[in-house]
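Chain residues, written in single-letter form:
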Amino acid sequence: MRIWVDLTNSPHVLVMRPLIAAMREDGHEVEVTARDFAQTLELCRRFGISHTAIGHHRGSRVASKGLGLVSRSLALARWARGRGFDIAMGHGSNDISVAAALLRIPSATAFDYEWARVQHQVNCRLARAVVVPEAIPPERLFGYGAKGKIRPYAGLKEEYYLSDFEPDAAVVAELGLSADRPLVVVRTPPEVSLYHRFENPLFPRILQRLAQRGAQTVVLPRTPNQRQEIARLGDFVIPEQAVDAQSLVALADLVVSAGGTMNREAVALGTPVFTTFEGRLGAVDEALLREGRLRKLDDPGQIEVERRPERSVLRIRRDPRELVTLLLSARSS
């Protein structure tokens, strides 16, 4: 089978990496397109994912996002025409859903946050399979046109794509960090997301608290503007290029993140984690908060910087091929 995968944001590279590998191992031909946004192209290169770079992020305004969707979808359709794809898929990529519909190629979409309404009004209606965690009540997706298309999976998506992961301590030395001092990893707010459309006033106070407590703090910005702002706030470690963030998370004593993926990576890897997400909580995070596996940070004073005790973490490792099967079901729908 000829399969087309589109990657539009950094986390999508992580999610789709083992799925692409599994599909190729199973004899499928897989071609990948990727958008120039955040660390998407860097991560493709880091993981050795051959890809064709098409399009870039158009900015945070709704009109700009709409223009970006139209222009990149048309560019993808021009690229894909005549390549004989049997199915197209992505994790949260509206662009591939639109392009595949224009070319009458069956498509599948996946996501784990149900309140990105604008995005899901497009991808759920156009896709034949909607692959989501079973924690999301199906009725929350019916208004997007997903009824009859939902393919639920158990657990967290991070438990699938981190199934073969073991942390590499080399990243500590790579960033000039000390293995003997507390390490905190911070992920900035997703300022350009439609579901997170306001500045998080808590973020500068978090960095101030960490500086006061003497933590080794690695901050992972999403955009060049965020990088510049953080550099002005204090003496933090801000990687110049994509790093082994999963190893950082696994080796950290604490993670503080405004985005969903890194929060759930920390949960999956057994690292204490605070969320500062200010949008509407999705069902997955609601469940993690109830279970105490994720904590909400309302006041920087909640942060204590200390080495976490050495302990073995009982990790749940799930087979990425289970997600492959759900995505490929769009071909027969």
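Rules used throughout
Residues numbered from 1 in each chain as written. Predicted model: local features only at pLDDT ≥ 70, side-chain atom pairs only at ≥ 80, totals over all residues. Heavy atoms only, no water. Helix = DSSP H or I, 4+ residues; strand = E, 2+ residues; numbered from the N terminus. Buried < 20%, exposed > 50% of the residue type's maximum accessible area, 1.4 Å probe, protein only. Polar contact = N/O pair within 3.5 Å; in protein donor to acceptor, adjacent residues only side chain to side chain. Contact = heavy atoms within 4.5 Å. Salt bridge = Lys/Arg side-chain N within 4 Å of Asp/Glu carboxyl O. Axes fitted to C-alpha atoms, helices over the stretch in contact; angles between N-to-C directions. Left-handed = near helix turned anticlockwise from the far one by under 90°. Nonpolar A, V, L, I, M, F, W, Y, C, P; charged D, E, K, R; others polar. Pairing = 2+ DSSP bridges. Right-handed = clockwise from strand over helix to strand, strands pointing away.

A.B. asks: When you look at the side chain of Glu159 in this model, what are you seeing that I'm missing?
C.D. replies: Summarising the element assignment, Glu159 is placed in helix 7 (residues 157-161). On the basis of relative accessibility, which here comes to 4%, the residue Glu159 falls in the buried class. At a separation of 2.7 Å, a polar atom in the side chain of Glu159 contacts the side chain of Arg318. Aside from chain neighbours lying at most four places away, what touches Glu159 is Ala268, Arg293, Ile316, Arg317 and Arg318.

A.B. asks: Would you explain the pattern of salt bridges in this entry?
C.D. replies: For the coordinates displayed, the defined rule picks out 26 salt bridges. In this structure, Arg264 engages Glu158 in a salt bridge whose closest nitrogen and oxygen atoms are separated by 3.6 Å. Taken together, the residues span a long stretch of sequence, with Arg264 in helix 12 (residues 260-269) and Glu158 in helix 7 at a distance of 106 residues. On the basis of relative accessibility, which here comes to 6%, the residue Arg264 falls in the buried class.

A.B. asks: Please explain the environment of Ser332 as it appears in this structure.
C.D. replies: Mapped onto the fold, Ser332 is located in the segment after helix 14 (320-328). Separated by 226 residues in sequence, Ser332 and Pro106 place their C-alpha atoms 8.8 Å apart.

A.B. asks: I would appreciate a short explanation of the packing of helix 4 (residues 94-103) against helix 5 (residues 117-126) in the present structure.
C.D. replies: At a closest axis distance of 9 Å, the pairing of helix 4 and helix 5 adopts a crossing angle of 35°. Between helix 4 and helix 5 lies a crossing of left-handed hand. Each of Asn94, Ser97, Val98 and Ala101 in helix 4 lies in contact with helix 5, whose residues at this interface are Val118, Gln119, Val122, Asn123 and Leu126. The residue makeup of the contact of helix 4 with helix 5, split by class, is five nonpolar, four polar and no charged.

A.B. asks: Got a minute to help me understand the sheet that holds strand 2 (residues 29-36) in this structure?
C.D. replies: Pairing between the strands of a sheet is mediated by backbone hydrogen bonds and can be parallel or antiparallel. Reading across from one edge, 3-2-1-4-5-6-7 is the order of the seven strands in this open sheet, with parallel pairing throughout. The outermost strands of the open sheet, each flanked by one partner alone, are strand 3 (52-56) and strand 7 (150-153). Put simply, the sheet's adjacent strands are angled 20° from each other on average, direction ignored. Sheet analysis places strand 5 (residues 107-110) next to strand 6 (residues 129-133), joined by three bridges and oriented parallel. The residue of strand 6 that forms the bridge with Ala108 is Ala129. Where helix 1 (residues 10-25) meets the sheet, it contacts strand 1 (2-7), strand 2 and strand 4 (87-91), and its direction lies at approximately 165° from that of strand 1.

A.B. asks: Please explain the pairing of strand 2 as it appears in this structure.
C.D. replies: Look at any regular strand and the pattern is simple: side chains alternate between the two faces of the sheet. Across six bridges, strand 1 lies against strand 2 in parallel orientation. Note that in strand 2 the partner of Trp4 across the bridge is Glu31. The parallel pair strand 1 and strand 2 is bridged by helix 1, and the resulting crossover is right-handed. Of the pairings in the sheet, the one linking strand 2 to strand 3 comprises three bridges and is parallel in character. Each residue of the ladder has a partner; that of Ala34, found in strand 3, is Ala53.

A.B. asks: Honestly, the environment of Ala242 in this entry has me stumped. Any pointers?
C.D. replies: As for its position among the elements, Ala242 is in the loop between helix 10 (224-233) and helix 11 (245-251). Along the primary structure Ala242 and Ala38 are separated by 204 residues, whereas in three dimensions their C-alpha atoms are 9.4 Å apart. Apart from the residues within four sequence positions on either side, Ala242 is in contact with Gln39, Glu42, Leu43 and Arg46.

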